[in-house]
Amino acid sequence: MSVNDETGGSDLSGKSRGAREIAVPITVFTALRRELEKEAGALPAVRSLHHAGYAVGTEAAAGFAAGGDFDVSELTTSEFWGSVQRFFGRKGWGTLRHEAAHPGVGLLTSDDWVEASAEETDSEGSCSFSTGFLAGLLSELAKRPVAVLEVTCRTRGDDACRFAFGSEAVVHELYGRLLDGSDLARALTEI
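Below you will find a few notes about this structure. This structure is a prediction, so every number in the text was calculated from the model and none was measured.

**A look at the overall build of the chain**
Broken down by element type, the chain carries six helices and six strands. Written out in order from the N terminus, the α and β elements of the chain read β-β-α-α-α-β-β-α-β-β-α-α. For the chain, with 191 residues in total, the buried portion stands at 39%. For the chain, contacts bridging at least 24 residues in sequence account for 50% of all contacts bridging at least 6.

In C-alpha cells:
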C-alpha cells in the first residue's frame, strides 16, 4: 500500500518517489523577499530568489506532464502553451497567456500572478522567484538555456505581470534597450 500525491508521492516508509509539494499562503513570497532584503540587501535578495526559483523550476519540469501521459517534445506550439497554462493554473500560480512577440522573444502575461500584489507597491518588480522558476522550467523542457526577464509587474503598478523569454543573448539585448528607456513594444522592434 502506498500514499500518493500529485508529484509521485511516497510509500508508507516515507521514502520519496518524486518531489513532494506543499501548499503555503501566497504571502510567503512577500515575507521571503522582505526578510532577504533586510538581511542581505535588495540586489542580493533578487538574485537569491531568482536562483532558488530556477532550481525549483528545473525540478518542477519532471512533474510538468504528470497525469498527462504526453511527451512535451511531441506537442504542437499551441498544445505546449495550453499545457503550460493548465500546469500553472492547477498549481495556483495564476493564468498565463503566451504571445509570440518577436521571432526570438516570447511573452507570458498574467493579470493574477501569485507572486505580485496590486495592493503592495514597489518601484521594482516583485516576481524574482517566478522569473527564476520560469527560466528553470522552460530550460529543462526545451533542453537548452532559456532566459526570462520580468518586463512588467502588477506590484510596480503595471496592468499585468509580463515575462519575456528567449535565448540569453536576445533577452540580454532586450534588457539593455529597456534600461536605455525604450518601452517594451519599441525594444522588441529594435532587437
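Here the narrative resumes.
**With respect to the sheet that holds strand β3 (residues 97-102)**
Spatial ordering of the open sheet is given by β3-β4-β6-β5, a layout of four strands whose pairing is antiparallel. Each edge of the open sheet carries a strand with a single partner, namely β3 and β5 (147-152). Strand-to-strand twist in this sheet, taken as the mean axis angle between neighbours without regard to direction, amounts to 30°. As defined by bridge partners, β5 adjoins strand β6 (residues 161-166) across five bridges and the pair is classed as antiparallel. Residue pairing in the sheet places T152 in a bridge with R162 of β6. With respect to the sheet, helix α4 (residues 128-142) is in contact with β4 (105-110), β5 and β6, its orientation differing from that of β5 by roughly 145°.

**Structural notes on helix α3 (residues 77-91)**
In a regular helix each residue adds 1.5 Å, so 15 residues correspond to 21 Å; α3 covers 21 Å between its end C-alpha atoms and thus fits that length. Restricting attention to buried positions, one finds in α3 the residues F80, W81, G82, S83, V84, F87 and F88. On its buried face, α3 is in contact with α2 (42-60), β3, β4, α4 and β6. Backbone geometry just after α3 places G92 at a positive phi near 90°.

**As for the pairing of β3**
Pairing of β3 with β4, which is carried by five bridges, proceeds in the antiparallel orientation. Opposite R97, over in β4, you have T109 as the bridge partner. Linking two consecutive strands that pair antiparallel, namely β3 and β4, is a turn of two residues.

**Here's the deal with the pattern of salt bridges**
Opposite charge on two side chains permits them to pair, given that their charged atoms come into close proximity. Tallied over the entire structure, the rule returns eight salt bridges. The shortest N-O distance in the salt bridge between E173 and R177 comes to 3.3 Å. Placement of both E173 and R177 in helix α5 (residues 168-179) is noted, with a separation of four residues, approximately one turn of the helix. Within the structure, one salt-bridge network assembled from shared partners comprises E173, R177, R186 and E190.

About the cut-offs
- Residues numbered from 1 in each chain as written.
- Predicted model: local features only at pLDDT ≥ 70, side-chain atom pairs only at ≥ 80, totals over all residues.
- Heavy atoms only, no water.
- Helix = DSSP H or I, 4+ residues; strand = E, 2+ residues; numbered from the N terminus.
- Buried < 20%, exposed > 50% of the residue type's maximum accessible area, 1.4 Å probe, protein only.
- Contact = heavy atoms within 4.5 Å.
- Pairing = 2+ DSSP bridges.
- Axes fitted to C-alpha atoms, helices over the stretch in contact; angles between N-to-C directions.
- Expected span 1.5 Å × (residues − 1).
- Salt bridge = Lys/Arg side-chain N within 4 Å of Asp/Glu carboxyl O.

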